[in-house]
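Per-entry structural report
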Amino acid sequence: MRSMNRIGSARRVALAFGSLCLACGSAEQEPAPPPPGPEAAAPAATPAPDPAVAALRDQARAIFGVLPSEAPNPNNPSTPQKVDLGRMLFYENRITLSQQLSCNSCHQLDNYGVDGEPTSPGHKGQRGDRNSPTVFNAALHIAQFWDGRAADVEEQAKGPVLNPVEMAMPAEAEVILVLKSIPGYAPLFAAAFPDSAADPIHFDNMALAIGAFERGLLTPAPFDAFLEGDDAALSMEQRAGLTTFIQTGCITCHNGATIGGRMYQKLGLVEPYPTDDTGREKLTGNEADRFVFKVPSLRNVAKTGPWFHDGSVASLDEAIQLMAKHQLGKTLTEAEVSSIRAFLDSLTGEVDARYAAPPELPPSGPETPGPRES
Ligand code: HEC
Ligand code: HEC
């Protein structure tokens, strides 16, 4: 399914959406307000609803959808105890070999969940070959990582701790040894996992707690307020940009409430894109998956550069232009690029600073190992 030829479906989607609203959103076409009638005289402060904006909203609601207020996982029900523990583990640097890194080093929660680097320095400064994506709203994606190799945030959370170029712990058992040596964690794990009370400090539970915390990292944006009925949440330029984004065909891949994150697509679908990273082919061994990646979410994209799977694109304007060229075979004018960028700015959301703030971590015990190089 994911590796089907995508040009056909791209056309179909573009056609289906393209006919709905060709005129909405652009500055000249804003119609004059209706003449004041008897009913318009009543509440002076409420501007008359603009039918062109309403039509754009209806169209956008059909393509995207408001960011949900939660991202639940029935297999990992959230409790305040689990979320609080997950937050601590997200910031916990003692579960890395050098004890100098944590999840937050590469996914900085006070920086839209990224570190701003093309690729991230991990254990002893080693770098992997992919850019660190943001953890905000990631729980809503169909799968995790650029190539979707982990099913959900719970499964994903087990990876970096043991990855030799990331947190570099040699084995699950050593992670558990560290957590058990920190006396404060025993009651916290017991409260978060009452069903495994006999031995709650377990690698799977660590990942479940981190996942539960990540499921709360959602960032509602002005675009959501617009979808919910607030015309003024987007500037006229941003509404025009939304129309440009739709009409250019970006929505073929970047759709749904996360504006991406819902499907796999070939990078270089129309015009080959130069990269050594073969994407999902490495995972599936299937030639049809060569250069296929998860379509990234565009929420907060203005804040999560540098862009692309290898972090090689340093400007958002360039990312937009490259997308048009390689994914759609189009060359955009400068005005179209800045129009789309204005829309993308409206996807920059609000981080709940209290939820994301670093918690106080329980102190080490006498048995807690110190930092190691290898
Ligand atoms: C040294 C930097 C580094 C550290 C430390 C790190 N990550 Fe990541 N993270 C990355 C990179 C790089 C990727 C993308 C790798 C890929 O796709 O192949 C990634 C991907 C992810 C994703 C997938 C997001 C998406 O949109 O697909 C999530 C979620 C995530 N990390 C959470 C975590 C958690 C939780 C921890 C701590 C247990 C952590 N990371 C530690 C660098 C890091
Ligand atoms: C055929 C599917 C498809 C279409 C159409 C498409 N994209 Fe993408 N987009 C992707 C994929 C796949 C990636 C990931 C690229 C990579 O792996 O480096 C991506 C990445 C991006 C990124 C970088 C995100 C990041 O976090 O690094 C931006 C920005 C973007 N697209 C914007 C757009 C815009 C704007 C349009 C319309 C002009 C568009 N895309 C059209 C599939 C598509």
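All of the points below concern the structure found in this document. Quantities reported herein were computed from a predicted structural model and do not represent experimental measurements. (Residues numbered from 1 in each chain as written. Chains lettered and ligands numbered in written order. Predicted model: local features only at pLDDT ≥ 70, side-chain atom pairs only at ≥ 80, totals over all residues.)

Quick word on the site of ligand 1
Contacts to ligand 1 come from 27 residues, most closely from Cys-103, Cys-106, Gly-122, Phe-145 and Pro-160. Contributions of two or more residues to the shell around ligand 1 are made by α4 (103–106), α5 (153–156), α6 (159–162) and α9 (203–214). Looking at the shell around ligand 1 element by element, the count peaks at 3 residues for α4. Looking at the shell around ligand 1 residue by residue, the class counts come to 15 nonpolar, 9 polar and 3 charged. (Near = placed C-beta within 6 Å. Helix = DSSP H or I, 4+ residues; strand = E, 2+ residues; numbered from the N terminus. Nonpolar A, V, L, I, M, F, W, Y, C, P; charged D, E, K, R; others polar.)

A word on the site of ligand 2
Lining the immediate surroundings of ligand 2 are 28 residues, of which Cys-250, Cys-253, Trp-307, Phe-308 and Met-323 lie closest. Where the shell around ligand 2 is concerned, the elements lending two or more residues are α1 (6–18) and α13 (316–328). Sort the elements by how many residues they give to the shell around ligand 2 and α13 lands first, with 6 residues. Looking at the shell around ligand 2, its residues break down into 19 nonpolar, 8 polar and 1 charged.

Thoughts on the environment of Pro-121
Position of Pro-121 relative to the elements: it lies in the loop between α4 and α5. The class for Pro-121 is partly exposed, based on 16 C-beta atoms found within 10 Å. The sequence separation of Pro-121 and Ser-105 amounts to 16 residues, and the corresponding C-alpha distance is 8.9 Å. (Buried ≥ 20, exposed ≤ 12 C-beta atoms within 10 Å, placed from the backbone.)

Regarding the packing of helix α2 (residues 51–63) against helix α11 (residues 236–248)
The interhelical angle for the contact between α2 and α11, taken along N-to-C directions, is 45°, at an axis separation of 11 Å. Relative to α11, the element α2 is oriented oblique. When the axes of α2 and α11 are compared, the crossing they make is left-handed. Residues Val-53, Leu-56, Gln-59, Ala-60 and Ile-63 of α2 lie in contact with α11, whose contacting residues are Arg-239, Leu-242, Thr-243 and Ile-246. Its residues placed into classes, the contact of α2 with α11 shows 6 nonpolar, 2 polar and 1 charged. (Axes fitted to C-alpha atoms, helices over the stretch in contact; angles between N-to-C directions. Parallel < 35°, antiparallel > 145°, perpendicular 65-115°, else oblique. Left-handed = near helix turned anticlockwise from the far one by under 90°. Contact = placed C-beta atoms within 7 Å.)

Describing helix α8 (residues 185–192)
Turning to α8, its buried residues number three or more, namely Tyr-185, Leu-188, Phe-189 and Ala-192. Projected onto a plane normal to the axis of α8, the buried residues spread over an arc of 95° and lie on a single side. Looking at the buried residues of α8, the elements they touch are α3 (80–90), α7 (172–181) and α9. (Arc of directions from axis to C-beta.)

Re the environment of Val-53
In this fold, Val-53 is placed in helix α2. The spacing of Val-53 and Ala-232 is 179 residues in sequence and 9.9 Å in space, taken between C-alpha atoms.

Read these as geometric descriptors, not functional statements.
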